[in-house]
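A structural walkthrough
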Amino acid sequence: MFANNLLADRTVFLTGGGTGLGRSMALHFAELGARIFLFARREPPLRETAEEIRRRGGQAAYATGDVRHPEAVEAGVEAAWRVWGRVDTLVNNAAGNFIARTETLSANAFAAVVGIVLHGSFHCTQALGRRWIAAGEPGIVLNILTSYAETGSAYVVPSACAKAGVLAMTRSLAIEWAPYRIRFHAIAPGPFPTEGAWSRLMPTPEFEERARNSHPLKRFGRHEELTHLAAYLLSPMAEYLNGECIILDGGLWLRGAGQFNHLAELPAAVWQQLEAVRKK
Ligand code: HXC
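A brief look at the structure comes next. No experiment lies behind these values; they were computed from the predicted model shown.

Of the pockets and cavities examined, the second largest pocket occupies roughly 400 Å³. Contributing to the lining of the second largest pocket are 22 residues, with Arg10, Asp88, Pro138, Gly139 and Ile140 lying nearest its centre. Of the residues that constitute the lining of the second largest pocket, the class distribution is 11 nonpolar, 3 polar and 8 charged.

A few words now on the pairing of strand S2 (residues 35–40). Of all 6 residues making up S2, 6 are buried, and the element is well covered by its neighbours. The alternating pattern of S2 places Arg35, Phe37 and Phe39 on one face and Ile36, Leu38 and Ala40 on the opposite face, and all of these are buried. As defined by bridge partners, strand S1 (residues 11–15) adjoins S2 across 5 bridges and the pair is classed as parallel. When the bridges of S2 are listed, Val12 appears paired with Ile36. Handedness of the crossover joining S1 and S2 through helix H1 (residues 20–31) is recorded here as right-handed. Here S2 pairs with strand S3 (residues 59–64) via 6 bridges, running parallel. Bridge pairing links Ala40 to Thr64 in S3. For the crossover that starts at S2, traverses helix H2 (residues 43–55) and ends in the parallel S3, the hand is right-handed.

Pairing is parallel in the open sheet, where 7 strands are placed in the order S3-S2-S1-S4-S5-S6-S7. At either end of the open sheet lies a strand with only one pairing partner, and these are S3 and strand S7 (244–248). Pairs of neighbouring strands in the sheet enclose a mean axial angle of 20°, with direction left out of account. Inspection of the sheet shows S1 paired to strand S4 (residues 89–92) by 3 bridges, in the parallel sense. By the bridge assignment for S4, Leu14 is matched with Val91. Sitting on the sheet, helix H4 (residues 107–135) touches S1, S4, strand S5 (139–144) and strand S6 (182–189), and the angle it makes with S4 is about 175°.

Taken as a whole, this structure holds 0 disulfides when the rule is applied. In this structure Cys161 is not part of a disulfide, and its nearest cysteine sulfur, from Cys245, lies 16 Å away. For Cys161, a relative accessible area of 38% corresponds to the partly exposed category.

Another aspect to go through is the pattern of salt bridges. Here the structure, examined in full by the defined rule, presents 16 salt bridges. Measuring nitrogen to oxygen at the nearest pair gives 3.4 Å for the salt bridge that ties Arg171 to Glu150. Taken together, the residues Arg171 in helix H6 (residues 157–176) and Glu150 in helix H5 (residues 148–151) connect sequence positions 21 residues apart. Assessed through its relative accessible area of 39%, Arg171 is described here as partly exposed. With relative accessibility at 47%, the residue Glu150 sits in the partly exposed group. The salt bridge partner of Glu208 is Arg212, with a shortest N-O separation of 3.3 Å. On the criterion of helical spacing, the pair formed by Glu208 and Arg212 is a turn pair, its members being 4 residues apart in helix H8 (residues 205–213). Given the relative accessible area of 26%, Arg212 is considered partly exposed. Connected via shared salt-bridge partners are Glu31, Glu52, Arg55 and Arg56.

About the thresholds
- Residues numbered from 1 in each chain as written.
- Predicted model: local features only at pLDDT ≥ 70, side-chain atom pairs only at ≥ 80, totals over all residues.
- Heavy atoms only, no water.
- 1 Å grid on protein atoms, 1.4 Å probe; cavity = no way out; pocket = protein on both sides within 12 Å on 5 of 7 lines; lining within 4 Å.
- Points joined across faces, edges and corners; volume = space filled by probe spheres on them.
- Nonpolar A, V, L, I, M, F, W, Y, C, P; charged D, E, K, R; others polar.
- Buried < 20%, exposed > 50% of the residue type's maximum accessible area, 1.4 Å probe, protein only.
- Helix = DSSP H or I, 4+ residues; strand = E, 2+ residues; numbered from the N terminus.
- Pairing = 2+ DSSP bridges.
- Right-handed = clockwise from strand over helix to strand, strands pointing away.
- Axes fitted to C-alpha atoms, helices over the stretch in contact; angles between N-to-C directions.
- Contact = heavy atoms within 4.5 Å.
- Disulfide = S-S within 2.5 Å.
- Salt bridge = Lys/Arg side-chain N within 4 Å of Asp/Glu carboxyl O.

Dropping the structure here:
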């Protein structure tokens, strides 16, 4: 779909890139020529992803740290600058989530998720934004949200609050930092199978089956469907996009919106009966 050098000018600081969608994006961006710097808590997955990128002929480095702590983020950004000489792109991908009844949550459970998603995205955005502004260099920030950032969702309240906050930050800074030529994009993915999300959000095969059956397209997203959109947003083709959130969920969130959408579950025979009655 894209030329192999589409992202040859980009140096990407990507959080949470050792696993899941972050790993898939890192591999794809590197294939398109970007230099990658991964930043996450656990070293083994980072090392494995960086090695895989290099094995395929790409360029990757990494540092470990927790996005919840601003000083760790500073150190990570410093390290990226030392390795690549500059960073021009940030992908706020690191996330934390689990399903739980909200009345059972401890304060620390709420803080853990909000700390990773909202505070972590802010720390990274501010650390890079300050450097870009001081140097007079442009930058791109891509925030990975979820489709319920806009609607909210039961049983994932810390994540819904945090992702809604990152959406607000996306739209706010798209204007505030536009004079500095720093642009913001967001992708709100629906269900994309990853070990991290699935182990916490789809704990049994029945959960997964129910989720698939209630999807309008009866399937989950494929990683390349997300990485292609992300690559486009980081490319020169998307330079007039700023502050938009693209929902990539196969229409899942709309399913709950239309008053009669539940009729999708009606069997054909029932439709035929209804139509026969109407024709009389
Ligand atoms: C209730 C829970 C819990 C659960 C943890 N906690 N899991 N509470 N139900 N299932 C509580 C703990 O008891 C603790 O509170 C507090 O949360 C912090 O937990 P720790 O394990 O000490 O924290 P930490 O090691 O920092 O782990 C953070 C985490 C963890 C968010 C809890 O799950 C994590 O590291 N996740 C990263 C990967 C991930 O979640 N990926 C999925 C992203 S999917 P107390 O009070 O006991 O100290 C996503 C997109 C969603 O975001 C869209 C899908 C459709």
